[in-house]
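Survey of secondary and tertiary structure
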Amino acid sequence: MEKHRLELVGITYNQIESGVYAVILREVGGERRIPIIIGYPEAQAIECKLQDVVTPRPLTHDMMLNFMTAFGVSLKEIEIKRLPNGVFAADLIFSDGENTRIVDARSSDGIALAIRAGAPIYTSEEVLVEAGFLPEETRKKPRQARRVDRGAEKKAQSANDNDFSRFTLDQLNVEMQQAAENEDYEKAAKIKTEIDKRKEEEGKE
């Protein structure tokens with residue numbers, strides 16, 4: 001079976017229907033992309049890693065990675081598959097150096113763990129044909145969710161992000177730490193975006 005490596009583009013959310021998120025994966029060396037609907041907790045877990053938000057205690061996927069490290073187990077790769085009912089799932093390939101085991105998981109959990117472990121993400125040609133789309137097709141579809149990956153953050157700041165403009169960098173760092181301690185990781189990720197934007201702008205001066 002031909003395997004295609006995927007890279008994580010980012011998280012999208014639906015501005016019309018609250019609580020609906022999707023992770024976008026792109027074919028490495030190609031243009032096809034796969035959108036996978038995920039839950040809010042998984043979206044938070046992925047976004048926290050993408051934004052390098054440090055939480056006071058390990059999140060579930062961080063704890064899993066710590067567990068693996070403690071017992072000498074590594075995640076070699078994951079493979080995104082599509083079940084007959086159209087739902088995405090993932091095969092997680094673990095190894096202890098001698099034995100290899102495949103564990104079934106939700107695709108969102110597999111992705112959240114893979115980006116923490118630095119493990120490659122793969123899928124089949126069949127899945128790309130059935131569920132993939134080309135970027136130009138998104139412009140033809142009405143009411144698309146706004147993309148908020150790291151490459152688009154500067155062009156797609158939300159109203160909530162603009163609320164942080166009145167804070168100094170020191171205040172933003174305090175706010176981000178408080179948000180993380182309160183387990184409001186979505187807010188912490190937004191503040192981290194504002195901090196990174198400020199630092200980038202200062203570097204250009």
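Look up: the structure comes first, before these words.
Residues numbered from 1 in each chain as written. Predicted model: local features only at pLDDT ≥ 70, side-chain atom pairs only at ≥ 80, totals over all residues. Heavy atoms only, no water.

1. A closer look at the pattern of salt bridges
On inspection of all chains with the given rule, the structure shows 9 salt bridges. A salt bridge links glutamate 27 to arginine 32, with the shortest nitrogen-to-oxygen separation between them at 3.0 Å. Owing to a relative accessible area of 11%, glutamate 27 belongs among the buried residues under this scheme. Arginine 106 serves as the salt-bridge partner of aspartate 109, at 2.9 Å between the closest nitrogen and oxygen. Here arginine 106 falls in the partly exposed class, since its relative accessible area comes to 47%. Residues joined by salt bridges that share partners form a network here, namely Glu27, Arg32 and Glu125. (Salt bridge = Lys/Arg side-chain N within 4 Å of Asp/Glu carboxyl O. Buried < 20%, exposed > 50% of the residue type's maximum accessible area, 1.4 Å probe, protein only.)

2. Here's the deal with the pairing of strand 6 (residues 100-106)
When strand 5 (residues 88-95) meets strand 6, the two strands line up antiparallel, connected through 7 bridges. Its bridge partner lying in strand 6, isoleucine 93 is registered against isoleucine 102. Where strand 5 folds back onto strand 6 in an antiparallel hairpin, the turn is made up of 4 residues, including glycine 97, whose phi is positive at roughly 100 degrees. (Pairing = 2+ DSSP bridges. Helix = DSSP H or I, 4+ residues; strand = E, 2+ residues; numbered from the N terminus.)

3. Concerning a nonpolar patch on the surface
Together, Met64, Phe67 and Phe71 line one region of the surface with nonpolar side chains, adding up to about 330 Å² of accessible area. Mapped onto the fold, methionine 64 is located in helix 2 (residues 60-70). With a relative accessible area of 35%, methionine 64 lands in the partly exposed category. (Patch = residues over 30% accessible without salt bridge, like charges linked within 9 Å, V, L, I, M, F, W, Y side chains within 5 Å. Areas by Shrake-Rupley, 256 points an atom, 1.4 Å probe, with all protein chains shown as cover.)

4. Observations regarding the pairing of strand 4 (residues 74-82)
Of the strand pairs in this sheet, strand 4 and strand 5 are connected by 8 bridges, and their pairing is antiparallel. Among the inter-strand pairings, arginine 82 is bridged to a residue of strand 5, identified as phenylalanine 88. Connecting the antiparallel pair strand 4 and strand 5 is a turn made up of 5 residues, with glycine 86 showing a positive phi of about 90 degrees. Relative to strand 7 (residues 121-124), strand 4 runs parallel, the two being bridged by 3 bridges. Paired with isoleucine 80 across the two strands is threonine 123, which belongs to strand 7.

5. Brief notes about the nonpolar core
Counting residues in each nonpolar core, the largest one holds 29 residues, and the members touching the most others are Ile36, Leu75, Ile80 and Ile111. For this core, the elements supplying multiple residues, two or more each, are strand 1 (3-13), strand 2 (21-27), strand 3 (33-38), helix 1 (40-50), strand 4, strand 5, helix 3 (107-117) and helix 4 (125-131). Listed in part, the 6 residues of the second largest apolar core include Leu172, Met176, Ile191 and Ile195. (Core = buried A, V, L, I, M, F, W, Y, C linked by side-chain atoms within 4.5 Å.)

6. What about the packing of helix 1 against helix 3?
Relative to each other, helix 1 and helix 3 sit at 15 degrees, their axes nearing to 10 Å. In terms of orientation, helix 1 lies roughly parallel with respect to helix 3. Crossing handedness for the pair helix 1 and helix 3: left-handed. Of helix 3, the residues touching helix 1 (which contributes Glu42, Ala45, Ile46 and Lys49) are Ser108, Asp109, Ile111, Ala112, Ile115 and Arg116. (Axes fitted to C-alpha atoms, helices over the stretch in contact; angles between N-to-C directions. Parallel < 35°, antiparallel > 145°, perpendicular 65-115°, else oblique. Left-handed = near helix turned anticlockwise from the far one by under 90°. Contact = heavy atoms within 4.5 Å.)

7. Overview of the packing of aromatic side chains
A ring pair, where both rings are aromatic, is described by two values, the distance of the centres and the angle of the planes. Inspection of every chain in the model, using the stated rule, returns 2 aromatic pairs. When the ring of tyrosine 21 is compared with that of tyrosine 40, the centres are 5.8 Å apart and the planes differ by 45 degrees; the resulting orientation is tilted. With tyrosine 21 in strand 2 and tyrosine 40 in helix 1, this pair connects stretches of sequence that are 19 residues apart. A relative accessible area of 32% places tyrosine 40 in the partly exposed class. When the ring of phenylalanine 67 is compared with that of phenylalanine 71, the centres are 4.8 Å apart and the planes differ by 35 degrees; the resulting orientation is tilted. When the ring centre of tyrosine 122 is taken as origin, the NZ or CZ atom of lysine 3, which lies over that ring, is 4.4 Å away. (Phe/Tyr/Trp six-rings, centres within 6.5 Å; stacked < 30°, edge-to-face > 60°. Lys NZ or Arg CZ within 6 Å of the ring centre and 35° of its normal.)

By themselves, these are just geometric observations and shouldn't be taken as functional.
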